[in-house]
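Residue-level structural notes
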Amino acid sequence: MTAPLLDARLVVDRGAFRLDLPLRIDAGEVVALLGPNGAGKSTALRALAGLQPLTAGHIVVDGVDLDRPGHGRWVPSERRRVGVVFQDYLLFPHLNARDNVAFGPRRQGLDRRAARERATGWLERVGLAGYARRKPGQLSGGQAQRVALARALAVHPRVLLLDEPLAALDARTRLDTRAQLHRHLAAHDGAALLVTHDPLDAVALADRLVIVEDGRLVQEGDAAAVTARPRTDYVARLVGLNLHRGHADGHRVRLADGVTLHSTDRVDGDAFVVFPPAAVALHPHRPEGSPGNTWPATVAGVHRHGDYLRVQLTGALDVAADVTASAVARWTLEPGQQVWAAVEASETRAYPA
Amino acid sequence: MTILRHPSTGRRGPRRRVPAALLLPAALGLLLLVLPLVGLLLRTPWASLPQRLTAPGVLTALRLSVQCATLATLLCLALGVPLAWLLARVEFPGRRAVRALVTVPLVLPPVVGGLALLLVFGRRGLLGGWLDETFGVTLPFTTTGVVLAEAFVAMPFLVIAVEGALRAADIRYEEAAATLGAGRLTTFTRVTLPLVAPGVAAGAVLCWARALGEFGATITFAGNYPGRTQTMPLAVYLALETDLDAAIVLSLILLAVSVAILAGLRDRWLGSP
């Protein structure tokens, strides 16, 4: 097994908050760092970029220590060969697009002409050849994003860091820009880390997801593995599943709140059970002869999503149910109403916690 | 296309009454600032103005004033901008004390400043004797002395303006420059300085205006030698004792130069709303 291009354990203490995140990225790999606001994603990115020193741990790129407080090793930002696309791009407002992109190559020792040539090449690659002389203020959001990407790539970084690169764009620009970004990330031969709170961006752009909550790594894996087996409420909500934790004994999982769910999956010991909201059926009375799981519930809220209703249930279990409007046309669903919920055992997935 | 306008945004919207308790002192304040200038204009001997303007000594004093104020401003820029950067960007022990020290010349009576300069750079002063013996450089009662005195008094204006601009500037641009391989000095010259250029320009204008009007420190440290250290304010003061009309004309020139500079730069740099 070869060593990964980037090997890090990012430990940063900031008051009561502590980030402690192991992170390994191979050459050519794109990793999405996903998490709610305040989880420590940006702190991790700043630590990798050299804008935030580590409290402990290490950052190693290509076998070279960039930050290792235990040994007093520290390489400042400007000598790290790390490219950053900042959330609001931070294009230098006094320089035009070309000179923004040429800024990095100039610092690497290229003369003005060579740096501008390289910058022009990168602007062509991101499809902005005609915009070289525009100032950042004269660029649209999507164009500015592409200039920022070109500026970061023009220094041939070993590690490319992207901080919410699509967050500032409107929905339409976002789709185009995401497709473009995907192309450039695929062509990048170094490691790439994408910080985002949008699961769609993460799944579309990254080979692997790293999910961080409250400074801790909570789950890691490719998109299929993470979406099939979420391990925290945050991840479950992100991928749109109901998640419950309990103790399994074969096909039966006894949940903490006393309800027992049946699953066709077989597990023993501490386990998670997940099922999609669409698998939950609602009945006005206890369903007769149902082979699956049934339990009484109270309606907490009803929201319309297109042609189905998202019903939030409380009671023994907090569960989201998606029912078609026609299925509940005969009775009006209101908060406070008592209903019976049912889920087929075959619709649930159970796996060890 | 018809644009519907909310009454409060239209010109005919309800006007809010300005309370007299605020309006009266505001008007008096304005009067206090403007009335002396009006007095100056009213008393100007317009008929003899052309020949007075060309009188020997007037142009000499004006040229010397502008030259010295400009040199003092350049000196303040060369020293004050790095000082402002240090205060705004580098954590060092005693930073608060240094910032307080920088502002001392603002509150110090200029005459005291001139005396202090004399004690340091005078022929028997702390550094003056050494400068004289080693380099043969004498500062008091020279044109260089005028520049030094003006810089001493005017530097705080520049440092405060630039430091404020640096603190207000988005430091993340400097971080972006660092990730692109720029060291601290390159970041300062290529990114920070262009970003705060309006603040530097505003500070330089204030600095220049203060230097142009400098009197107390100059007369104490550099004396009052026509053609060498006699700047316009000194000439005004001297003329006041012998020829009131000449003093008025000199004052008028000084006023015109100041207003012209301020008006020329105000819209571009002083951030008028």
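As shown above, the structure is provided for reference.
What comes next is a walk through the structure. (Residues numbered from 1 in each chain as written. Chains lettered and ligands numbered in written order. Predicted model: local features only at pLDDT ≥ 70, side-chain atom pairs only at ≥ 80, totals over all residues. Heavy atoms only, no water.)

Some thoughts on the environment of Leu169 of chain A
Residues and elements named next belong to chain A.
- When you line up the elements, Leu169 lands in the loop between β8 (159-163) and α5 (171-187).
- Remark: the alpha-carbon pair of Leu169 and Gly141, spanning 28 residues in sequence, is separated by 6.1 Å.
- Excluding anything up to four places from it in sequence, Leu169 contacts Tyr89, Gly141, Gly142, Gln145, Arg174 and Thr177. (Helix = DSSP H or I, 4+ residues; strand = E, 2+ residues; numbered from the N terminus. Contact = heavy atoms within 4.5 Å.)

Here we look at unusual backbone geometry
- Despite not being glycine, Asp214 of chain A shows a phi value in the positive range, around 50°.
- Relative to the elements of secondary structure, Asp214 of chain A occurs in the loop between β10 (208-213) and β11 (216-221).
- For Asp214 of chain A, a relative accessible area of 59% translates into the label exposed.
- At Phe141 of chain B, a position not held by glycine, the phi torsion is positive, near 65°.
- Secondary-structure assignment places Phe141 of chain B in the loop between α6 (128-135) and α7 (143-168). (Buried < 20%, exposed > 50% of the residue type's maximum accessible area, 1.4 Å probe, protein only.)

Points about the side chain of Ser65 of chain B
All names here are of chain B.
- Within the secondary structure, Ser65 is located in helix α3 (residues 58-89).
- The class for Ser65 is buried, based on a relative accessible area of 1%.
- Apart from residues no more than four positions distant in its own chain, Ser65 is found in contact with Leu212, Thr231, Met232 and Pro233.

Considerations on the sheet that holds strand β12 (residues 242-255) of chain A
All names here are of chain A.
- The strand order β12-β13-β19 describes an open sheet built from three strands, whose pairing is antiparallel. Two strands in the sheet have a free side with no partner beyond their single neighbour: β12 and β19 (349-352). Going from strand to strand, the sheet's axes swing by 40° on average, the running direction of each strand aside.
- Two strands pair when backbone bridges link them, and β12 and strand β13 (residues 260-275) are joined in this way by 12 bridges, in the antiparallel orientation. Pairing of Gly250 across the sheet is with Val267, part of β13. (Pairing = 2+ DSSP bridges. Axes fitted to C-alpha atoms, helices over the stretch in contact; angles between N-to-C directions.)

Here's the deal with the sheet that holds strand β14 (residues 281-283) of chain A
Residues and elements named next belong to chain A.
- Ordered in space as β14-β18-β15-β16-β17, the five strands form an open sheet in which the pairing is antiparallel. The strands lining the two open edges of the sheet, one partner per strand, are β14 and β17 (319-324). Strand-to-strand twist in this sheet, taken as the mean axis angle between neighbours without regard to direction, amounts to 50°.
- Across six bridges, strand β16 (residues 308-315) lies against β17 in antiparallel orientation. In the sheet register, Arg310 faces β17, and the bridge partner there is Asp322.

Topic: the packing of aromatic side chains
All names here are of chain A.
- Counted under the stated rule, the structure contains eight aromatic pairs over all chains.
- Aromatic pair Phe92 and Phe103: ring centres 4.8 Å apart, planes at 55°, arrangement tilted. In this pair, Phe92 is assigned in the loop between β7 (82-85) and α2 (97-107) and Phe103 in helix α2, connecting sequence segments 11 residues apart.
- Here the aromatic rings of Phe272 and Tyr351 are separated by 5.8 Å at their centres, their planes lie at 45°, and the arrangement is tilted. Of the two residues, Phe272 sits in strand β13 while Tyr351 sits in strand β19, which places them 79 residues apart along the sequence.
- Look at Tyr351 and you get buried, because its relative accessible area is 1%. (Phe/Tyr/Trp six-rings, centres within 6.5 Å; stacked < 30°, edge-to-face > 60°.)

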